[in-house]
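Read off the chains here:
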Amino acid sequence: MPTPERIRFFGRTPDSFRPLAAECTLATIGQPLTAAELDQVAELIRGRPEVTLRFHSKAARDLEFLRHFPGLVRLSIDLWELEDIAGFSHLQGSLELLHFGKSRKRFSLRFLESMPALRALSLDAHTKDVASVAHLSRLTSLALRGITLPDL
């Protein structure tokens, strides 16, 4: 009996763009994809709010790729070389779960104020404007890693 596919790694092989198994809950991208490939991924996860989309390793240096994922509900960003987060603006209103991993550059967290639907937030080492978390009235889960603040 085959093992259930809970994680799909996109871009490793041409057949990675086949339909997702029903039990798949994580779609992960660790290398740059073309706009057409990103559109394929978006189509595969559309209507699957239980699927977390994860970008990691060297998948991107900015978040403009998020324009391909309107209505995305669950997102994990682990991009050490991230240089620009303006692309978060493409997900205002829809995002309910966000993991924002450690990056070389530290970013202001004010973008969180435009994400009122967030219910779960995980931050790794990002502290600039951390008070913005207070605006997230629907938040039920908060994880802070690598964060030291005198007034937390």
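Residues numbered from 1 in each chain as written. Predicted model: local features only at pLDDT ≥ 70, side-chain atom pairs only at ≥ 80, totals over all residues. Heavy atoms only, no water.

A short note on the nonpolar core
By size, the foremost hydrophobic cluster in this structure holds 44 residues, and its most contacted members are Phe55, Phe88, Leu98 and Phe100. Elements that contribute at least two residues to this core include exactly strand E2 (26-29), helix H1 (35-45), strand E3 (52-56), strand E4 (74-78), strand E5 (97-100) and strand E6 (120-124). Ranked by the residues each element gives to this core, the list is headed by H1, at five residues. Apart from the residues within four sequence positions on either side, Phe100 is in contact with Ile77, Leu82, Ile85, Phe88, Phe107, Leu109, Phe111, Ser122, Leu123, Asp124 and His126. (Core = buried A, V, L, I, M, F, W, Y, C linked by side-chain atoms within 4.5 Å. Buried < 20%, exposed > 50% of the residue type's maximum accessible area, 1.4 Å probe, protein only. Helix = DSSP H or I, 4+ residues; strand = E, 2+ residues; numbered from the N terminus. Contact = heavy atoms within 4.5 Å.)

Quick word on the packing of aromatic side chains
On inspection of all chains with the given rule, the structure shows seven aromatic pairs. Ring plane angle 35° and centroid distance 4.0 Å describe the contact between Phe55 and Phe65, whose orientation is recorded as tilted. You can see Phe55 sitting in strand E3 and its partner Phe65 sitting in the loop between E3 and E4, a full 10 residues away along the chain. On the basis of relative accessible area, Phe55 is assigned to the buried category, the value being 2%. Judged by relative accessible area, which is 8%, Phe65 ranks as buried. Between Phe55 and Phe69, the ring centres sit 6.0 Å apart and the planes meet at 70°, which makes this aromatic pair edge-to-face. With Phe55 in strand E3 and Phe69 in the loop between E3 and E4, this pair connects stretches of sequence that are 14 residues apart. Each residue in the set Phe88, Phe100, Phe107 and Phe111 is aromatic and connected to the rest through ring pairs, giving one cluster. (Phe/Tyr/Trp six-rings, centres within 6.5 Å; stacked < 30°, edge-to-face > 60°.)

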